[in-house]
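Observations on the three-dimensional arrangement
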Amino acid sequence: MDKNDPRYGSFVQILREELVPAMGCTEPIALAYGAAKARDVLGCLPDKVKVEASGNIIKNVKSVVVPNTDGLKGIEAATAAGIVAGKSEKILEVISSVTDAEKAAIRKYMDGHEIKVLPAESDAIFDIIITLSAGTDCVKLRIKDYHTNIVYIEKNGHVLLDSGEITQAGAAQGLTDRSCMSVEAIVDFVETMDVDDVRELVERQVEYNYAIATEGMTNPWGANVGKVMKNHLGTDVQTRARYMAAAGSDARMSGCEMPVIIISGSGNQGITASVPVVEFARELGTDHDTMLRAVTLSDLLATHMKTGIGRLSAYCGAVCAGCAAGGAICWLNGGGIKEISDTLTNALATVSGMICDGAKPSCAAKISAAVGAGILGWSMTRDGQAFLGGDGIVGKSVENTIVNVGRLGRVGMRETDKTILRIMTDQPDPV
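Residues numbered from 1 in each chain as written. Predicted model: local features only at pLDDT ≥ 70, side-chain atom pairs only at ≥ 80, totals over all residues. Heavy atoms only, no water.

**A short note on the pairing of strand β7 (residues 158-162)**
With zero of five residues buried, β7 is to be regarded as a mostly surface element. Where strand β6 (residues 150-155) meets β7, four bridges bridge the pair, whose relative direction is antiparallel. Its bridge partner being in β7, K155 is matched across the sheet by H158. In sequence, β6 turns back onto β7 through a hairpin of two residues, with N156 there showing a positive phi of about 50 degrees. (Buried < 20%, exposed > 50% of the residue type's maximum accessible area, 1.4 Å probe, protein only. Helix = DSSP H or I, 4+ residues; strand = E, 2+ residues; numbered from the N terminus. Pairing = 2+ DSSP bridges.)

Okay, structure coming up:
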């Protein structure tokens, strides 16, 4: 792909938008970011706090530890952390620098102030509305579509920001149009790109995400899925690829205060797309720049497969990242577009439909399963085996299959999403 091709610049920009650092699960961190920004506009600590959140935000914040809070969980904790100790200029690392005194202040603030949490009234999948009041002053702030997308700020009835509701085809508002993406175009880009155009982004991803995976294998975190796999399944490269990715999630879901580089707004997906590919590259003795190409391939494939589903849904995003890792592993082993396409098709046919029931320790096990499906998809391809169009959700081409998966996750699992949320919040099903 020539650098003058408009898709080349789009792919580089997409990577810039996707590969950003975050410390902690990104949904509570988005709440903390919004709360910190609203507090900045208010100019003081609020007396009253109201948070309106869409179902997927409630689901993903309920069971995950908010970093730098001494083990607190939930929307109230994430919001209080942002209000008391957040540094909004750090965006998704908003609570990465919290002192012991501030940790105590977060708990004290929660003890002395009601943080009212309500379901958002909009139909948006990703929606956070934070209202802070102090005396006669009031600030309202809204984050919509993705984690850093502040679309509305109002203070004392005066609108300071209103970016509207317009979205681009193939992308949420403010993001580069993803409709340029296809498996063929992504492979072409990765094989011909100037590595220096993505080097800083991808090297940081490899460094951060492998570091938290190592932490997950070194110390006790969550359900220790990574360690369990190593203890019982061995240490060959296929198993290492699975347990190292799982270990990164073990640590991250249980409050580890190390940053990760995210994909599709998710640290778990960022870990899943990168760590298994690094394991295989090291096993194969691949040179550094080829490893960076392979991780870039995985990142873009994961983004492509997730775009049709959306940032949040009942469809586990680790599936897309695990299948993408399988495609990149296939490429590292000499696979071309056909082999990569077959690998993705095989993998998607295997694990599509795995549910997302929020961020919590079991995400590590789901990551292991997703990476395993990616590796199985590649293994089938090596033996000349592939699921055929018309087999269930498998389409006539890999692009058709990706469209079908997007439809499944975005449309078909809407009621599943509602049922999961009712289960998690102990609400009865409607009669």
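**What to know about the pairing of strand β5 (residues 137-144)**
As paired elements, strand β4 (residues 127-134) and β5 share eight bridges and run antiparallel to each other. Bridge pairing in β5 links S133 to C138. In the sheet, β5 pairs with β6 via five bridges, with the strands oriented antiparallel. Opposite K140, over in β6, you have E154 as the bridge partner. Linkage of β5 to β6, two consecutive antiparallel strands, is achieved through a turn of five residues, within which D145 is found at a positive phi near 80 degrees.

**Let's talk about the nonpolar core**
One broad trend across soluble globular proteins is that nonpolar side chains are buried collectively. Within the largest apolar cluster, 136 residues are counted, with the highest numbers of intra-cluster contacts made by F11, F189, L297, L300, L301, M305 and I340. At twelve residues, the largest contribution of residues to this core is made by helix α12 (residues 318-332). With sequence-adjacent residues up to four places away left out, L300 is seen in contact with F11, I14, L15, M181, I186, F189 and V190. In terms of nonpolar packing, the next biggest core, distinct from the first, is built from five residues, C25, V64, A359 and C363 among them. (Core = buried A, V, L, I, M, F, W, Y, C linked by side-chain atoms within 4.5 Å. Contact = heavy atoms within 4.5 Å.)

**Let's talk about the state of the cysteines**
One pass over the structure, following the stated rule, counts zero disulfides. Not engaged in a disulfide, the cysteine C138 finds its nearest cysteine sulfur in C44; these two sulfurs lie 11 Å apart. With a relative accessible area of 28%, C138 lands in the partly exposed category. Here C256 stays free of any disulfide, with the sulfur of C25 as its closest cysteine sulfur at 13 Å. Of the residues examined, C256 reaches a relative accessible area of 3% and is grouped as buried. (Disulfide = S-S within 2.5 Å.)

**With respect to helix α11 (residues 288-307)**
Under the 1.5 Å per step criterion, the end-to-end length of α11 is 29 Å for 20 residues, consistent within 8% with the ideal 28 Å. Burial runs high along α11: 16 of the 20 residues are buried. Its side-chain oxygen at 3.2 Å from the backbone nitrogen of D289, D287 defines the N-terminal cap of α11. (Expected span 1.5 Å × (residues − 1). Polar contact = N/O pair within 3.5 Å; in protein donor to acceptor, adjacent residues only side chain to side chain.)

**Regarding a positive patch on the surface**
The grouping of R407, R410, R414 and K418 at the surface amounts to a positive patch. Listed by contribution, the elements that provide at least two residues to the positive patch are α15 (398-412) and α16 (414-424). Along the chain, R407 falls in helix α15. Look at R407 and you get exposed, because its relative accessible area is 58%. (Patch = residues over 30% accessible without salt bridge, like charges linked within 9 Å, V, L, I, M, F, W, Y side chains within 5 Å. Areas by Shrake-Rupley, 256 points an atom, 1.4 Å probe, with all protein chains shown as cover. Salt bridge = Lys/Arg side-chain N within 4 Å of Asp/Glu carboxyl O. Lys, Arg positive; Asp, Glu negative; His and termini not counted. Charge placed at Lys NZ, Arg CZ, Asp CG, Glu CD.)

**Overview of the pattern of salt bridges**
In the structure shown here, the tally under the stated rule is 20 salt bridges. A salt bridge links D5 to R7, with the nearest nitrogen and oxygen atoms 2.7 Å apart. Across the pair D417 and K59 runs a salt bridge, and its minimum N-O distance is 2.7 Å. Taken as a pair, D417 in helix α16 and K59 in helix α3 (residues 55-61) lie far apart in primary sequence, 358 residues in all. Pair check on accessibility: D417 and K59 agree, each one buried. Each member of the salt-bridge network shares a partner with another, and the members are E17, E18, R178 and R311.

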